[in-house]
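Residue strings, one per chain:
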Amino acid sequence: MMFAGIIAILLFLGLIIGDWFQFTTLKSWACRYGCPLAHRRNALDSHPASPISDAFHKSDALPLPHGIARWVEDRQVIVIRPYYQLFSLSFRTAWPLKGTIDVSSDGSQLLLHLSKRIPWSSAILTLLWLLFVIGGTLTFVVLFILDGGMSTIGGIFWVVGITALGLLVLAGGVILLSFAYRLEDSRLMQVYQELLDALTALPLKDADKSTYP
């Protein structure tokens, strides 16, 4: 029984490590991997005179001051993420963000559609934790009431106390999630702005010329 438990734990950890590997890699086959959370659209006023790929190196990667971007030409997608340093003084959360930017054209404008994504394991574990706190609190209260626990003053205070504790834990979790998202979102948007600056620095062509393919 203990051996089966150890195998289950190792398998669970392996799935999380594999999920984070697919999330952090910039390979083309994993460019859209991750749970989408939010979207943002931007438009460059004019197309670059040269292809978007000219802003990237031969490996289709573009190092930025606070992150890295990769151009996936066959899918017309740019993938961005902040730098993930193993030994870093900056605080890292369990909900990292990366961006998938779909590139398209509309007349004389270059349209960028940013999708913010987190690892699937982070999204699923967070949802399970929220369901556990809410479901556990409600289940206890309902069962306690059905067993006649509300028949005494002590039982009423007990229900109120357990409910308050559940709400306190839930509120703490929501605050932590909000803080983590704001922190990771600020890092991602910093990299996104650096990418926009790099694309804007490309020579522009007039709107009456041929558009971006």
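Preceding block: the structure.
In this report, the structure presented in the accompanying data block is examined. Please read these numbers as outputs of a predicted model, since none were measured by experiment.

Brief notes about the side chain of threonine 137
Next up, step 1: With respect to the secondary-structure elements, threonine 137 resides in helix α2 (residues 120–146).
Next up, step 2: Among the residues examined, threonine 137 registers a relative accessible area of 16% and is labelled buried.

Notes on the pattern of salt bridges
Next up, step 1: The full count for this structure, using the stated rule, is three salt bridges.
Next up, step 2: Arginine 32 is the salt-bridge partner of aspartate 102, the closest N and O atoms lying 2.7 Å from each other. Here the residue aspartate 102 occupies a position in strand β5 (residues 98–106), and arginine 32 occupies one in the loop between α1 (2–24) and β1 (35–44), the gap between them amounting to 70 residues.
Next up, step 3: On the basis of relative accessible area, aspartate 102 is assigned to the partly exposed category, the value being 21%.
Next up, step 4: You can call arginine 32 partly exposed: its relative accessible area is 35%.
Next up, step 5: Of the charged contacts, one joins aspartate 185 and lysine 116 as a salt bridge, the two residues approaching to 2.6 Å between their closest N and O atoms. Pair noted here: aspartate 185 is in helix α3 (residues 153–200) and lysine 116 is in strand β6 (residues 109–118), with a separation of 69 residues, a long-range link.
Next up, step 6: Note on aspartate 185: relative accessible area 16%, which makes it buried.

Some words on the side chain of aspartate 185
Next up, step 1: A polar contact is formed between the side chain of aspartate 185 and the side chain of lysine 116, at a distance of 2.6 Å.
Next up, step 2: Discounting residues that sit within four places of it in the chain, aspartate 185 has contacts with Leu97 and Lys116.

Observations regarding the packing of aromatic side chains
Next up, step 1: Counted by the stated rule, this structure contains two aromatic pairs.
Next up, step 2: Their ring planes at 25° and their centres at 6.5 Å tell us that phenylalanine 56 and tryptophan 71 sit as a pair that is stacked. Taken as a pair, phenylalanine 56 in the loop between β1 and β2 (61–64) and tryptophan 71 in strand β3 (residues 67–72) lie far apart in primary sequence, 15 residues in all.
Next up, step 3: Phenylalanine 56 sits in the buried class, given a relative accessible area of 6%.
Next up, step 4: When the centroid spacing of 5.7 Å and the interplanar angle of 20° are considered together, the rings of phenylalanine 140 and phenylalanine 144 count as stacked. Residue phenylalanine 140 and its partner phenylalanine 144 are located together in helix α2, separated by four residues, close to a single helical turn.
Next up, step 5: According to the relative accessible area criterion, phenylalanine 144 is partly exposed, its value standing at 21%.

Quick look at the pairing of β2
Next up, step 1: As judged from the four bridges shared by β2 and β3, these two strands associate in the antiparallel manner. Residue pairing for β3: leucine 64 is matched across the bridge by glycine 67.
Next up, step 2: Between β2 and the antiparallel strand that follows it, β3, lie two residues.

The rules behind the values
Residues numbered from 1 in each chain as written. Predicted model: local features only at pLDDT ≥ 70, side-chain atom pairs only at ≥ 80, totals over all residues. Heavy atoms only, no water. Helix = DSSP H or I, 4+ residues; strand = E, 2+ residues; numbered from the N terminus. Buried < 20%, exposed > 50% of the residue type's maximum accessible area, 1.4 Å probe, protein only. Salt bridge = Lys/Arg side-chain N within 4 Å of Asp/Glu carboxyl O. Polar contact = N/O pair within 3.5 Å; in protein donor to acceptor, adjacent residues only side chain to side chain. Contact = heavy atoms within 4.5 Å. Phe/Tyr/Trp six-rings, centres within 6.5 Å; stacked < 30°, edge-to-face > 60°. Pairing = 2+ DSSP bridges.

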